[in-house]
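Chain residues, written in single-letter form:
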Amino acid sequence: AVVVLASTYYQVNADSVAVVQRFGRYDRTTDPGPHLKIPLIEAVTMVPVQRQLKAEFGFITDRAGIRSEFSQDAGTLAESLMLTGDLNVAVVEWIVQYKVSDPYKYLFKVRNLDSPGRRGESTTFRDMNEAVMREVVGDHSVNEVLTVGREKIQVDARNLLQELCDK
């Protein structure tokens, strides 16, 4: 009885919302604070909606700080090698910062959310980022990628990625 009573209570942090599933189907979304659920029937998944999340491409941050340390393995090198519009190869490393705007869509409408990428984001999100960046870099010359066109590439990639995420 004590275990069942203890499993009815759950706490949602200030930067998250909780998605409650009854028998595995979406039931409701609860805001931060203390809440109750039906034990053994309802499950709760916390989704950070106020926190800005980050995905790294082409490198891995081993230790962040004043002197951050980075590394690269075969997987990160493969995702950073790109063919430019003038048929040169460029190593493009980038970071995407994002927030979850709709917890229901994030949990139930994104494929491969349960099979995370390197840092916990979905493989679908990683694949979308890589496809968008390859498309945008492929439309520019290597000189534009390395120098004057970087801002335009950034804006184009952000707009295309936002379109994909909205779908």
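What comes next concerns the included structure. Because the structure is a prediction, the values reported are computed rather than measured.

1. Re the pattern of salt bridges
Enumeration according to the criterion identifies 10 salt bridges in this entry. The residue Glu42 makes a salt bridge to Arg22 at a minimum N-O spacing of 2.5 Å. A residue pair is termed long-range when its members are at least 10 positions apart, and Glu42 in strand S5 (residues 42-48) and Arg22 in strand S2 (residues 16-22) qualify at 20 residues. Overall, Glu42 belongs to the buried group, its relative accessible area being 4%. Take Arg22: its relative accessible area is 32%, and that puts it in the partly exposed class.

2. Focus: helix H4 (residues 123-138)
Taking 1.5 Å per residue as the helical rise, H4 with its 16 residues ought to reach 22 Å, and the 22 Å between its terminal C-alpha atoms agrees with that figure. Residues Phe125, Arg126, Met128, Asn129, Val132, Met133, Val136 and Val137 constitute the buried set of H4. Each buried residue of H4 sits inside an arc of 160° when the element is viewed along its axis, so together they form one side. Contacts from the buried residues of H4 go to strand S6 (53-57), helix H2 (74-80), strand S9 (81-83), strand S11 (94-98), helix H5 (142-146) and helix H6 (150-166).

3. Concerning H6
Its 17 residues place the ends of H6 24 Å apart at the C-alpha level, agreeing with the 24 Å of an ideal helix rising 1.5 Å per residue. Three or more residues of H6 are buried, namely Ile153, Ala157 and Leu161. One side of H6 holds all its buried residues, which, seen down the axis, span an arc of 55°. Of the residues in H6, the exposed ones pointing more than 90 degrees away from the buried face are Glu151, Arg158 and Asp166.

Parameters at a glance
- Counting of residues starts from 1 at the beginning of each chain's written sequence and follows it residue by residue.
- Side-chain atom pairs in this predicted model are given and counted only at pLDDT of 80 or more, local residue features only at pLDDT of at least 70, and totals for whole chains, interfaces and linings cover all residues.
- Only hydrogens and water are removed before side-chain values are computed, so all heavy atoms of the structure are retained for them.
- Put simply, a salt bridge is a Lys or Arg side-chain nitrogen that is within 4 Å of an Asp or Glu carboxyl oxygen.
- Going along the chain from the N terminus, every DSSP run of H or I of four or more residues is numbered as a helix, and every run of E of two or more is numbered as a strand.
- Exposed residues in this analysis have more than 50% of their type's maximum accessible area, buried residues have under 20%, and partly exposed residues fall in between, with area computed by a 1.4 Å probe over protein chains only.
- One less than the residue count of a helix, multiplied by 1.5 Å, gives the span that helix is expected to have.
- Here the arc refers to the set of directions running from the helix axis out to each C-beta atom.
- Should any heavy atoms of two residues lie within 4.5 Å, those residues are counted as being in contact.

Keep in mind these numbers describe shape, not what the thing actually does.
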